[in-house]
Amino acid sequence: MAKKIEKLALFGGPKAVQTAVGDMFTWPIITAEDEAAALDVLRRRAMSGSDVTMQFEKDYAAWQGNKFALGYSSGTAAIQGAMYGCGVGIGDEIIAPSVTYWASCLQVYSLGATVVFAEVDRDTLCIDPRDIERRITDRTKAIVVVHYLGHPADMDPIMKIARKRGVKVIEDISHAQGALYKGKKVGTFGDVSGISLMSGKSLAIGEAGILTTDNREIYERAFAWGHYERFQKPEQVETPYLKDWVGLPLGGYKYRMHQMSAAVGRVQLKYYDARMKEIQKAMNYFWDLLEGVPGLRAHRPAKRSKSTMGGWYAAHGLYRPEELGGLSVTRFCEAVRAEGVGCSPGANTPLHRHPLFLTADIYGHGKPTRIANASRDVRQWPGSLPVSEAVPAETYGIPWFKHYRPQIIEEHANAFRKAALNYKQLLKDDKGNPE
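Residues numbered from 1 in each chain as written. Predicted model: local features only at pLDDT ≥ 70, side-chain atom pairs only at ≥ 80, totals over all residues. Heavy atoms only, no water.

### Section: the overall build of the protein
- Scanning the protein for helices and strands turns up 12 helices and 12 strands.
- For the protein, the C-alpha radius of gyration of 23 Å lies close to 22 Å, the compact-globule estimate for 435 residues.
- On the principal axes, the C-alpha backbone points of the protein span a range of 75 × 55 × 40 Å.
- Looking at the 435 residues of the protein, the share that counts as buried comes to 57%.
- A fraction of 72% describes how many contacts in the protein between residues 6 or more apart in sequence connect residues 24 or more apart.
- For the protein, the distance from the average site of its 56 positive side-chain charges to the average site of its 48 negative ones is 2 Å. (Helix = DSSP H or I, 4+ residues; strand = E, 2+ residues; numbered from the N terminus. Rg over C-alpha atoms; globule rule 2.2 N^0.38 Å. Buried < 20%, exposed > 50% of the residue type's maximum accessible area, 1.4 Å probe, protein only. Contact = heavy atoms within 4.5 Å. Lys, Arg positive; Asp, Glu negative; His and termini not counted. Charge placed at Lys NZ, Arg CZ, Asp CG, Glu CD.)

### Quick look at the nonpolar core
- Grouped together as the largest cluster of nonpolar side chains are 94 residues, with contacts concentrated most on F56, Y60, I94, M155 and L197.
- Residues contacting L197, with those up to four places away along its chain left out, are F56, Q177, L203, A204, I205, G206, A208, G209, I210 and M257.
- In this structure, I398, W400, A415 and A419 belong to the second largest nonpolar core, which totals 41 residues. (Core = buried A, V, L, I, M, F, W, Y, C linked by side-chain atoms within 4.5 Å.)

### Re helix α2 (residues 51–64)
- With 14 residues, α2 extends 20 Å between its outermost C-alpha atoms, agreeing within 8% with the 20 Å of an ideal straight helix rising 1.5 Å per residue.
- Three or more residues of α2 are buried, namely V52, T53, F56, E57, Y60, A61, W63 and Q64. Relative to the axis of α2, the buried residues are bounded by an arc of 170° and lie together on one face. Exposed side of α2, more than 90 degrees from the buried face: K58 and A62 are the residues found there.
- Count one or two residues on from α2 and you reach G65, which has phi positive near 95°. (Expected span 1.5 Å × (residues − 1). Arc of directions from axis to C-beta.)

### Section: the sheet that holds strand β9 (residues 209–213)
- With respect to topology, seven strands assemble into an open sheet ordered β1-β9-β8-β5-β4-β2-β3, the strand pairing being mixed. If you trace the sheet from one side to the other, it starts and ends with β1 (68–72) and β3 (114–118), each paired once. Here the average twist between neighbouring strands, direction ignored, is 20°.
- Relative to β3, strand β2 (residues 93–97) is paired through five bridges, and the arrangement is parallel. By the bridge assignment, I95 is partnered in β3 with V116.
- Along the sheet face, α2 touches β1, β8 (192–196) and β9 and points at about 130° away from the line of β1. (Pairing = 2+ DSSP bridges. Axes fitted to C-alpha atoms, helices over the stretch in contact; angles between N-to-C directions.)

### Quick word on the environment of K4
- Mapped onto the fold, K4 is located in the segment before α1 (32–43).
- Sequence spacing of K4 and I158 is 154 residues, and the spatial spacing of their C-alpha atoms is 46 Å.

Any functional reading would require information that these geometric values do not contain.
Quick look at the structure:
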């Protein structure tokens, strides 16, 4: 017998969420051990040193499975270091997804290069390998692969294209620390990875970032660019041409990680795998409860694929309005919120439509920065990336559970189920999605 469809809270029914959530969403988990580690740095007056940071780098490299790790002040700086490490410079192009946070690519401007955006896959929301190759030119220096909202990108075809065309691959794993692609950690496929470790991420240590690589030259170029204390003597460097430049940071940047963040990072990393496992159990249970609900799709790898979502940062769901009579995701989220669940429509707005990538002259070139050093007009105007431009209307935020507490998870899942199953009532006052 079919289960009776419950009345929406938006129309006077009881809210789906009745149980107090407590610390279900509190993150990161900070204990006396974290506090003691940070206080040790403070009391030693070692905030601007590197001894703890170098220990954290060793810990992280071993955990990640890379030869080298380099701590940064932010993920933004780590990704710029990765770009410089790969040789990105004046007149070069990188390829990146348009649906991502700006720090996956915007730093390329300060290197005198530009970005060409590729489409994303509608189901993974990651860069679409089928769209990468047709955008590669003789100016392309690197592909930036973002494991977006925790979902591993399809690395096998991406790496095949990159090796065939002789371009570097930079993995942005800021959303996906600990995620697996076919049983292997993301961040170990490309030439180098850049990672944000700021306090909102699933591996959260403070305002910080880290770079990892197996390539000695990339690693040395990266620390030469912004870690002056590692670039003081020729004997510290193995890359021949860098030996002549030692003493000053090549980019004039000071990018080292703050030691209090590094100290907290060492503690957080010790417990991350166990905490991540519980997050995965909770999040997968949430989606299992919604299996088969029309209009709603889980944003996660297929079961038994040996791919995982890591810490499930910035968890989202896929929305299919065609299965719900064209109901806008905005109206759907309104109904979910009335049930007691925080739910916002959309994800990151596609970057290629922003004036910063179309008309802005940032450095006074007398022309848009996007094309200031380019050999051609690479700007992509509205309408040029239809799959990416549809993402805001086909995604919505979901709760990011930090603990496996079935009753709370079930109540939250029911909020989404109620909204989807009552879609016909919601259509009446649906004003659509904002432009």
